[in-house]
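# Structure at a glance
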Amino acid sequence: MGAGGVGGTYAWWFDSGRVCLDLLATRASGEERLTGPARLSAWLTGAGLAPAGTPLRGVDGEWVARFCRLRECIRELTEAECCPDAALEQVNALAAASPPAPRAVRAPDGSLRFVLAGEPRCEQLLAAVARDAVSLLTDPAARAALRRCEGDNCGRLYIDSSRGHRRRWCSSEVCGNRERVARHRRRAAVAAQP
């Protein structure tokens, strides 16, 4: 997911491999990132659910609450040994709606770009995320590649699509870099001792 321009360079960047897991990452380590309509709009654009420039005038506190409820259902379903029926029913119900219709339009330079057929409604965007969650939950290979970040105080879920399936962090640039810096500092501290 792109930076989104809200809350710092990496605040909205997740490399989970799935939009439903990117939604999970909007609440990590006790920090709520979907704190209002502007933050949700930034996430929707950053996650690619609404291309840049898509009008999102309808986003309000109810949208935020609905996305947070979906996020908690997905969290229950991805972290539980046995999928809770209530969460599964909610995700299935949301997935039943039609996601926003995509269109290819010609840009001024002649290339084609992705737009939505109209201003998306909340249930359409929820459906896109819920359908991704259903796809993840029913795909044994994707479930087998589901990992939890080993970064200190992180714990985000991601799909390990690396060669050899040895990926350890949700983001090499963020959690991986923190781990490398910490390792360097530990070695430097040991080397500095008499």
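Residues numbered from 1 in each chain as written. Predicted model: local features only at pLDDT ≥ 70, side-chain atom pairs only at ≥ 80, totals over all residues. Heavy atoms only, no water.

### Some words on helix H5 (residues 122–137)
So the rule is basically this: A run of DSSP states H or I qualifies as a helix once it reaches four residues; a run of E qualifies as a strand once it reaches two. Both are numbered from the N-terminal end. The span expected for a helix works out to 1.5 Å for each residue beyond the first. Buried, partly exposed and exposed residues are distinguished by accessible area as a fraction of the type maximum, computed with a 1.4 Å probe on protein chains only: under 20%, between the cut-offs, and over 50%, respectively.
For H5, which comprises 16 residues, the first-to-last C-alpha distance of 22 Å matches the rise-based estimate of 22 Å (1.5 Å per residue) to within 8%. Burial analysis of H5 places twelve of its 16 residues in the buried class, the great majority of the element. Here H5 has its buried residues at Cys 122, Gln 124, Leu 125, Leu 126, Ala 127, Ala 128, Val 129, Ala 130, Asp 132, Ala 133, Leu 136 and Leu 137.

### Considerations on the pattern of salt bridges
Between side chains of opposite charge, a pair can form as their charged atoms come close. This is how the line gets drawn: The term salt bridge refers to a pairing of a side-chain nitrogen on Lys or Arg with a carboxyl oxygen on Asp or Glu at a separation within 4 Å.
Throughout the structure, instances matching the rule amount to nine salt bridges. A salt bridge links Arg 71 to Glu 32, with the shortest nitrogen-to-oxygen separation between them at 2.7 Å. Here Arg 71, found in helix H3 (residues 61–79), pairs with Glu 32, found in strand E2 (residues 31–32); they are 39 residues apart in sequence, far enough to count as distant. A relative accessible area of 24% means that Glu 32 is categorised as partly exposed. Residue Arg 57 pairs with Glu 119 through a salt bridge whose shortest N-O separation is 2.7 Å. Placement of the pair is Arg 57 in the loop between helix H2 (37–46) and H3 and Glu 119 in the loop between strand E4 (112–116) and H5, with a sequence separation of 62 residues. Judged by its relative accessible area of 33%, Glu 119 is partly exposed. Look at the salt bridges and you will find they share partners, linking Arg 27, Glu 32, Arg 71, Glu 72 and Arg 75 into a network.

### Side note on the pairing of strand E3 (residues 102–106)
As a reminder of what qualifies: DSSP-based pairing: two strands are paired if at least 2 bridges between them are found.
Pairing of E3 with E4, which is carried by five bridges, proceeds in the antiparallel orientation. Bridged to Val 105 within E4 is Arg 113. Turn length for the E3-E4 hairpin, with the two strands adjacent in sequence and antiparallel, is five residues, and the turn residue Gly 110 shows positive phi of about 95°.

### Considering the packing of helix H4 (residues 85–95) against H5
Where we set the bar: An axis is simply a line fitted to the C-alpha atoms; with a helix, the fit covers only the stretch in contact. Between two such axes, the angle follows the N-to-C directions and lies from 0 to 180 degrees. Put simply, angles under 35 degrees are roughly parallel, angles over 145 are roughly antiparallel, angles from 65 to 115 are roughly perpendicular, and the rest are oblique. Helix crossings get a hand from a simple test, with the near helix turned counterclockwise from the far one by less than a right angle marking a left-handed crossing and a clockwise turn marking a right-handed one. Here, residues are in contact when the closest pair of their heavy atoms is within 4.5 Å.
In the contact formed by H4 and H5, the axes pass within 7 Å of each other and the chain directions differ by 125°. With respect to each other, H4 and H5 are oriented oblique. Relative to H5, the crossing made by H4 is left-handed. Contact residues: H4 offers Val 91, Asn 92, Leu 94 and Ala 95, while H5 offers Leu 126, Ala 127, Ala 130, Arg 131, Ala 133 and Val 134.

### Observations regarding the confidence of the model for the chain
Just so we agree on the cut-off: Scored from 0 to 100, pLDDT records how confident the predictor is in each individual residue.
Put simply, the chain has an average pLDDT of 83, and 76% of its residues get 70 or more. Put simply, helix H7 (residues 172–192) is where the chain has its lowest mean pLDDT, 65, and H5 is where it has its highest, 96. Predicted confidence is poor over residues 1–10, with pLDDT under 50, and the contacts of this stretch with residues over four places away or in other chains come to 21 contacts.

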